[in-house]
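Here is what each chain is made of, one letter per residue.
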Amino acid sequence: MLGGRIRAESKPGKGSAFYFTLPYQLKEKEDHKQKQVLPKVEVPDYLKKMKILIAEDDVLSAILLFRIFEKYGWETIIAKSGTEAVIHCLNHPDIDLILMDIQLPGIDGYEATRRIRQFNSNIVIIAQTAFALSTERNRAIKAGCNDYISKPIDKVTLMSLIKKYFKK
Ligand code: MN
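Asks: What am I meant to see in the sheet that holds strand β3 (residues 51–55) here?
Replies: In sheet architecture, strand pairing relies on hydrogen bonds along the backbone and comes in two forms, parallel and antiparallel. The strand order across the open sheet formed by five strands is β4-β3-β5-β6-β7, and the pairing between neighbours is parallel. Two strands in the sheet have a free side with no partner beyond their single neighbour: β4 (75–79) and β7 (147–150). Within the sheet, the average angular offset between the axes of one strand and its neighbour, ignoring direction, is 20°. Examined bridge by bridge, strand β5 (residues 97–101) and strand β6 (residues 124–129) share five bridges and lie parallel to one another. Counted as the bridge partner of Ile 98 is Ile 125 from β6.

Asks: I'm lost on the pairing of β5 in this one. Help?
Replies: Strand residues, when the strand is regular, have side chains that alternate between the two faces of the sheet. The buried fraction of β5 amounts to five of the five residues, a majority that puts the element mostly inside the structure. Side chains Leu 97, Leu 99 and Asp 101 of β5 all project onto a buried face; the interleaved residues Ile 98 and Met 100 project onto the opposite face, where all are buried too. Bridge count between β3 and β5: four bridges; the pairing is parallel. Paired with Leu 53 across the bridge in β5 is Ile 98. Between β5 and its parallel partner β6, the chain crosses via helix α4 (residues 109–117), and the hand of that crossover is right-handed.

Each value, and the rule that gives it
Residues numbered from 1 in each chain as written. Predicted model: local features only at pLDDT ≥ 70, side-chain atom pairs only at ≥ 80, totals over all residues. Heavy atoms only, no water. Pairing = 2+ DSSP bridges. Helix = DSSP H or I, 4+ residues; strand = E, 2+ residues; numbered from the N terminus. Axes fitted to C-alpha atoms, helices over the stretch in contact; angles between N-to-C directions. Buried < 20%, exposed > 50% of the residue type's maximum accessible area, 1.4 Å probe, protein only. Right-handed = clockwise from strand over helix to strand, strands pointing away.

Following this line, the structure appears as C-alpha cells:
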C-alpha cells in the first residue's frame, strides 16, 4: 500500500536477509507540490474550528496526520500512549475528535476508548485499524468507537468520515 518493494534471500543452514524499499518524496518536490495543492484545500465552515487528538505511538504516522490537519487550520494534540490519550481528554474537554490507534503501548486503543467513554460520551472516536482486519473493527465499535479507518490513512476517506460526523 505504501508503494515499496520487498524481497528475501535465503541460504539453507546459513540464514536469510530481507530487503524492502519505501518511496520517499524529496523535500523540495514536496514543498512544490504543497504550494500547488494548498489553495485547493477546502474546509467547510462547520469544520473551521476543529480540535483533534491523535493517539498514535508511531511518530512518523502522527506527524503525517498533524501536517494534514495543520493545513486545515485545526488544533491538534498528539498522544503517544493510551494513558496519555485519556489524560488529554480529561484536560481538554473541548476536543472534538480522536483518531485512536488500536496498537498502543500500555493500555491499548480499546481500553483507552472504554475509559474515555466513562466520562465523555459525546466525543467522536475513530479507530485506526490494521488494514482488512475486521475483528479489530468490531472490537473497536464494541469498545465505544463511533467508526474506524484503515491504516495507512487515506486523506479523502478521513475527510468524508469527519464530514459525516460534523456536518450540521
Ligand atoms: Mn501503534
